[in-house]
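# Architecture and fold: a report
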Amino acid sequence: MEGSALVNSRQRLIIAVDGPSGSGKSSVCRAVASQLGAAYLDTGAMYRAATWYALSQGIDLADERAVAVAVGELPLTISTDPEHQTITVGQSDVTAAIRETRISERVSEIATNRAARALLIAAQRRIIDDSGFIVAEGRDITTVVAPDAQVRVLLTASAEARLRRRGLQLGGTETAEALHRQVIARDARDSTASNFTEAADGVAVLDSSDLTFQETIDALIQRVEQASAEPLSIPSAGASRGESR
Ligand code: DC
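Residues numbered from 1 in each chain as written. Predicted model: local features only at pLDDT ≥ 70, side-chain atom pairs only at ≥ 80, totals over all residues. Heavy atoms only, no water.

Given a rise of 1.5 Å per residue, 16 residues ought to cover 22 Å, and the 23 Å separating the end C-alpha atoms of helix α11 (residues 213-228) matches this to within 8%. Of all the positions in α11, only T216, I217, A219, L220, I221, V224 and S228 are classed as buried. (Helix = DSSP H or I, 4+ residues; strand = E, 2+ residues; numbered from the N terminus. Expected span 1.5 Å × (residues − 1). Buried < 20%, exposed > 50% of the residue type's maximum accessible area, 1.4 Å probe, protein only.)

Pasting the structure below:
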């Protein structure tokens, strides 16, 4: 990776961020990766793309074996450039489609499928390994996917703040019930597959309920600096980021 003294001197720096829906994980992690010149991995997008694919194949999501087979053959390409997030499945650009309510309301069925999880976790580890300098976020990154990451943070926020943020993110178009289903009820379902509400040993908690977006970014960068014990040199341009399969 060009341009970052931190990474030139250390070769590898993995920043792992867990947290519930609406905690601001995605936007905060993308901004931090961008500022640091690191790659960025949104693991939730992989679960969403798998859901999109299984539904497009007409698979019954309750059929655990059929879902696992579909995830095993998922023709997924996910970019790790924080400034250009593109996700394709086969020839279809699903970057926007995977954010639709019809996907948000079904994605837990994939996230709670053990075989599908194992396949997606293996793919996430490959992407993280290949990158070496990356901000990776999801529900089980600090505990399962990258427990050896140098920086491990649980980004939390109150239920009220999370509902408000997800509502704004969706353009204020969702009813209170739909938002509740997509944030609180989905987290309750997903928590049967991974524990993302309590920090594991060695994981720092960052509560963003009363922080602005920029304050949250600054707080996360500060933790990265503490963990790396040297000031970060923010690269001017041209860090090597790209596409991963
Ligand atoms: O963060 P998100 O809302 O885009 O995540 C989509 C779904 O994927 C959500 O239901 C939780 C699940 N997920 C998971 O189980 N493990 C991850 N590492 C990331 C997401």
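Attention now moves to helix α7 (residues 114-131). With 18 residues, α7 extends 26 Å between its outermost C-alpha atoms, agreeing within 8% with the 26 Å of an ideal straight helix rising 1.5 Å per residue. Buried residues of α7: A116, R117, L120, I121, A123, Q124, I127 and I128, and no others. One side of α7 holds all its buried residues, which, seen down the axis, span an arc of 165 degrees. Exposed and facing more than 90 degrees away from the buried side of α7 are R114 and D130. You can read the cap of α7 off the contacts: a side-chain oxygen lies 3.1 Å from the backbone nitrogen of A115, and it is on N113. In the segment just after α7, G132 is the residue with positive phi, at about 85 degrees. (Arc of directions from axis to C-beta. Polar contact = N/O pair within 3.5 Å; in protein donor to acceptor, adjacent residues only side chain to side chain.)

Direction vectors running N to C along helix α3 (residues 43-56) and α7 enclose 135 degrees, while the axes themselves pass 11 Å from each other. Classified by the angle their axes make, α3 and α7 are oblique. You can see that α3 and α7 cross each other, and the crossing is right-handed. Only R117, L120, I121, A123, Q124 and I127 of α7 make contact with α3, whose side of the interface consists of T43, M46, Y47 and A50. (Axes fitted to C-alpha atoms, helices over the stretch in contact; angles between N-to-C directions. Parallel < 35°, antiparallel > 145°, perpendicular 65-115°, else oblique. Left-handed = near helix turned anticlockwise from the far one by under 90°. Contact = heavy atoms within 4.5 Å.)

Let us now look at the pattern of salt bridges. Side-chain pairs of opposite charge can arise whenever the charged atoms involved come near each other. Tallying each qualifying case throughout the model produces 6 salt bridges. One salt bridge connects D42 with R99, and the closest N-O pair in it is separated by 3.0 Å. Placement of the pair is D42 in strand β2 (residues 39-42) and R99 in the loop between β5 (92-93) and α5 (101-104), with a sequence separation of 57 residues. By relative accessible area, which is 35% here, R99 ends up partly exposed. For R117, the salt bridge identified is with D140, shortest N-O distance 2.8 Å. (Salt bridge = Lys/Arg side-chain N within 4 Å of Asp/Glu carboxyl O.)

Another point: the confidence of the model for the protein. This prediction gives the protein a mean pLDDT of 86; 85% of its residues lie at or above 70. Per-residue pLDDT stays below 50 along residues 1-5; that stretch engages in 15 contacts with residues further than four places along the chain or on separate chains. Confidence over residues 236-241 falls short of pLDDT 50; this stretch has 15 contacts with residues more than four positions distant or in other chains. (pLDDT = per-residue confidence, 0-100.)

Let's shift gears to the environment of V144. Along the chain, the position of V144 falls in helix α8 (residues 141-145). V144 gets classed as partly exposed once you look at its relative accessible area, which sits at 34%. Residues V144 and I121, 23 residues apart in the sequence, show an inter-C-alpha distance of 8.2 Å.

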